[in-house]
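# Architecture at a glance
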Amino acid sequence: MLSIDALHVTYGGAVQALRGVSMEIPDGEVVAVLGSNGAGKSTLLRAISGTLRLHRGRVDSGSVRFGDDQLSGRDPAQTVRMGLVQVPEGRRIFGRLTVEENLRAGGMGNRDKAAKARARDRVYELFPVLQERSGQRGALLSGGEQQMLAIGRALMASPKVLLLDEPSLGLAPRIIGQIGEVIAEINRQGTSVLLVEQNATMALGVADRAYVLDVGEVSLSGPAAELSRSDEVQRLYLGHG
Ligand code: ATP
């Protein structure tokens with residue numbers, strides 16, 4: 001279980017981005033985090049993956065724990081080795097490298113050759129289109145295929161928890177549906193998922209439970225099916241009313 005407890009984060013010693021956020025990502029579940037621009041979603045992921053410092057941010061108080069281990073203060077490479085792997089917002093695949101080379105880069109920290117081969121087979125099974133394009137440069141893929149490659153690259157590190165930052169960003173509705181299905185399948189195969197999304201329809205469709213972040217605080221949380229029915233979520237995030 002990944003647990004976040006009363007987390008306070010500031011940037012440059014001034015901007016309070018998270019103000020006492022607590023949440024739990026139980027093993028085997030998909031947990032969605034919704035919220036508008038500036039709510040603190042990316043900050044939450046940075047606090048988990050150990051990349052806050054790269055953005056001049058720091059944890060002032062509270063904790064991030066994975067099982068019995070404290071995550072706050074660790075660097076990104078350590079976090080990946082512990083099994084938490086982030087797919088960054090905006091995909092950021094290597095455009096000049098081929099699909100296959102991108103995947104190899106994702107598996108670089110993984111010394112277990114057999115595990116790497118299994119991960120690669122899993123990625124090509126989940127995304128047959130990546131196998132078809134394995135020799136093509138990343139830059140030549142469509143937006144949806146690049147998102148699939150970014151997810152595939154993260155899977156090469158055999159994560160226990162996959163951290164996704166707005167995978168639907170800039171994609172057509174049909175492709176967003178496919179990404180949602182793939183997230184559900186990855187989860188069925190045993191990987192927990194923390195899904196940060198502005199697309200509430202997709203996120204609540206695939207998540208077991210969800211949290212709504214509002215200017216650095218959790219304003220709502222509960223089972224995804226329940227949140228989908230709440231007036232506030234309907235009005236603010238599902239475009240009803
Ligand atoms: P978006 O979807 O736009 O990325 P978000 O919900 O991910 O929004 P964050 O990016 O976590 O929100 O930002 C939360 C708050 O922290 C905002 O007020 C933002 O301006 C501020 N912030 C984010 N990064 C920095 C930074 N590097 N330096 C200073 N302030 C920052």
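The name given to the protein chain in an unreviewed UniProt entry is Branched-chain amino acid ABC transporter ATP-binding protein, and the organism recorded there is Modestobacter caceresii. Turning to the protein chain, the UniProt record has this under Sequence similarities (unreviewed entry): "Belongs to the ABC transporter superfamily."

A common measure of how large an interface is: the accessible area buried when the components associate. Taken domain by domain, the protein chain comprises domain 1 (25-52 + 75-83 + 159-240) and domain 2 (86-158). Contact residues are listed per partner, giving 22 residues for domain 1 and 17 residues for domain 2. Contact between domain 1 and domain 2 buries roughly 1700 Å² in total, counting both sides, with carbon and sulfur atoms accounting for 62%. The largest contributions to the domain 1 side of the interface with domain 2 come from Pro159, Asp165 and Val182, which together make up 26% of the buried area. Here domain 1 and domain 2 share zero salt bridges between them. Where domain 1 packs against domain 2, one counts five residue pairs in polar contact (both at pLDDT 80 or more). Mapped onto the side of domain 1 that touches domain 2, the elements with two or more residues apiece are α1 (41-49), β7 (161-165) and α7 (173-188). If you tally residues by element for the side of domain 1 that touches domain 2, the top one is α7, at six residues. Residue composition of the side of domain 1 that touches domain 2, by class: 13 nonpolar, five polar and four charged.

Another point: the nonpolar core. In terms of nonpolar packing, the biggest core is built from 47 residues, with Leu130, Ile151, Leu162 and Leu204 touching the most fellow members. Two domains each provide a minimum of three residues to this core, namely domain 1 (25-52 + 75-83 + 159-240) and domain 2 (86-158). Filtering out sequence-adjacent residues up to four positions away, leucine 162 remains in contact with Val85, Val87, Ile151, Ala154, Leu155, Ile186, Thr191, Ser192, Val193 and Leu194. Val9, Leu45, Leu194 and Val196 belong to the second largest nonpolar core, which has 29 residues in total.

What counts and what doesn't
Residues numbered from 1 in each chain as written. Predicted model: local features only at pLDDT ≥ 70, side-chain atom pairs only at ≥ 80, totals over all residues. Heavy atoms only, no water. UniProt positions renumbered as here; feature names shortened; annotations may be inferred. Domains from an automatic or database assignment. Contact = heavy atoms within 4.5 Å. Buried area = accessible area lost by both parts, 1.4 Å probe. Salt bridge = Lys/Arg side-chain N within 4 Å of Asp/Glu carboxyl O. Polar contact = N/O pair within 3.5 Å; in protein donor to acceptor, adjacent residues only side chain to side chain. Helix = DSSP H or I, 4+ residues; strand = E, 2+ residues; numbered from the N terminus. Nonpolar A, V, L, I, M, F, W, Y, C, P; charged D, E, K, R; others polar. Core = buried A, V, L, I, M, F, W, Y, C linked by side-chain atoms within 4.5 Å. Buried < 20%, exposed > 50% of the residue type's maximum accessible area, 1.4 Å probe, protein only.

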